[in-house]
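Single-letter residue listing:
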Amino acid sequence: MSTPGAIAVLNAGSSSIKFALYEATPEETLLFRGQIESIGLAPHLKVADAAGAVVGERRWPDGKLDHREATNEILKVGRELLAGRPVLAFGHRVVHGGVGFTGPVRIDRAVMDELAKLVPLAPLHQPHNLAPIEAIAAASAIPQVACFDTAFHRSQPALAQAFGLPRDITAAGVRRYGFHGLSYDFIVSRLRQLDPALARQRLVIAHLGNGASACAVHEGLSVASTMGFTAVDGLMMGTRTGALDPGVLLWLLDERGYDSKAIEDLLYRKSGLLGVSGLSSDMRTLRQSAEPAAREAIALFVYRIVREVGSLAAALGGLEGLVFTAGIGENDAATRAEVGAGCSWLGVTVDPSRNAAGRGVISSDASRVKVLVLPTDEERMIARYTGRTLGI
Ligand code: ADP
């Protein structure tokens, strides 16, 4: 039998491009994964094989590498690593699919034009997502698929997607879209394998990484989520505020002379764990610190999660499962214990030794709500969707 081809996944952010190569088989076997970080500053490429062993590394000390060049560099490295195995398709993470894209889609010129129209809805992310698509389309005829962070949430009831705004503004697209959908989708698919009965019940999935959100899921479908029009709403995050009284923005404009750029910087880059602690956006650093401000930042992070889990449970009308995922959710037992304690009124009891072990079920046998830790894998979800969309 000949060697199967590969599916290449690209996840392009503002200063990094993550990539992964999978065998184009139903098992989606991971071949390599890597990233170029600090694009524009001190770019650094690192690639590892499926076992995590580093197989390639390169630095650009003078910082001269833009997104297009970074994409080309990844394509070159990918070709070398695949050693003759063909790339059958590219799958891309695209942050915004608007109201129209309710699932993954094969990219053609018309789709590219539609995606470009959504740039004003996600100006910080969408252009970076689209740059590699354009670069690859210009250089090859290999099919490409866009997988959206918003698509999973299009199942939400209309009420859950609405703001209390005049209709003309809603009609212009100002509504709740929700994000992290590829992660939620992956977690639901994992849960279907591990506990099919629970996968159909009422769940809150807490994706707690640098970006953080939580999603209410019933029958495997998104019912409500904490992120809204943009990825700044909801939970407090590494450097983002999360939900903020809009009156604060008026105060900043009127009393402090902020303009939209200064507000964007405050909301996205200077707030959250970083802003409150004055120390770091990184949970590990905060957990190791004895500074009162670091304690307060963590306490507020946890408090906001507990409040939002309650709100999502209300949207569901009850709760049978709570899942933790992403960097903090998967690795920080203390955050899970604190959130669990705050949700005890909902019937959550976290078992300390299971929580310390940190994988699978971490609730006690007596807990009314089953609590799990499941690692997310957005890249694998993209590879799976890309294969399915193209019938590979
Ligand atoms: P991103 O949203 O950038 O993908 P991640 O999902 O990688 O972010 O999550 C990053 C967060 O996870 C950081 O706050 C980091 O401190 C935290 N984290 C990673 N590993 C651990 C750990 N072992 N213990 C506590 N926090 C951790």
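Residues numbered from 1 in each chain as written. Predicted model: local features only at pLDDT ≥ 70, side-chain atom pairs only at ≥ 80, totals over all residues. Heavy atoms only, no water.

### A closer look at the pattern of salt bridges
Following the criterion strictly, the structure yields 25 salt bridges and no others. Residue E264 pairs with K261 through a salt bridge whose shortest N-O separation is 3.1 Å. In this pair, E264 and K261 both sit in helix α8 (residues 260-269), three residues apart, roughly one turn of the helix. Under the relative-accessibility criterion, E264 is labelled buried at 16%. Where R287 meets E338, a salt bridge forms, and the shortest distance between an N and an O atom there is 3.1 Å. With R287 in helix α10 (residues 283-288) and E338 in helix α13 (residues 333-342), the pair connects residues that are 51 residues apart, well separated along the chain. With a relative accessible area of 22%, R287 lands in the partly exposed category. Given the relative accessible area of 32%, E338 is considered partly exposed. Overlapping salt bridges, with partners in common, bring together E28, R33, D377, E379, R380 and R384 in one network. (Salt bridge = Lys/Arg side-chain N within 4 Å of Asp/Glu carboxyl O. Helix = DSSP H or I, 4+ residues; strand = E, 2+ residues; numbered from the N terminus. Buried < 20%, exposed > 50% of the residue type's maximum accessible area, 1.4 Å probe, protein only.)

### Considerations on the sheet that holds strand β10 (residues 212-218)
Think of a sheet as strands paired side by side through backbone hydrogen bonds, with each pair either parallel or antiparallel. Pairing within the open sheet is mixed, and its six strands lie in the order β11-β10-β9-β12-β14-β13. Of all strands in the sheet, those with a lone pairing partner are β11 (221-225) and β13 (360-361), marking the two edges. Note that strand β9 (residues 203-208) and strand β12 (residues 321-325) share five bridges and pair parallel. The partner of I205 across the bridge, within β12, is V323. (Pairing = 2+ DSSP bridges.)

### Some points on unusual backbone geometry
Backbone geometry at H180 places phi at a positive 60°, although glycine is not the residue there. Relative to the elements of secondary structure, H180 occurs in the loop between α4 (167-171) and α5 (181-194). With phi around 55°, E219 is a residue other than glycine that occupies positive phi space. Relative to the assigned elements, E219 resides in the loop between β10 and β11.

### Quick word on the site of the ligand
The environment of the ligand is made up of 13 residues, and the closest members are N210, D282, M283, R284 and G327. A distance of 3.2 Å separates an oxygen atom of the ligand from a polar backbone atom of R284. G327 has a polar backbone atom sitting 2.9 Å from an oxygen atom of the ligand. Elements that contribute at least two residues to the shell around the ligand include exactly α10 and α12 (326-331). Of the residues forming the shell around the ligand, the biggest block, four residues, is contributed by α12. (Near = heavy atom within 4 Å. Polar contact = N/O pair within 3.5 Å; in protein donor to acceptor, adjacent residues only side chain to side chain.)

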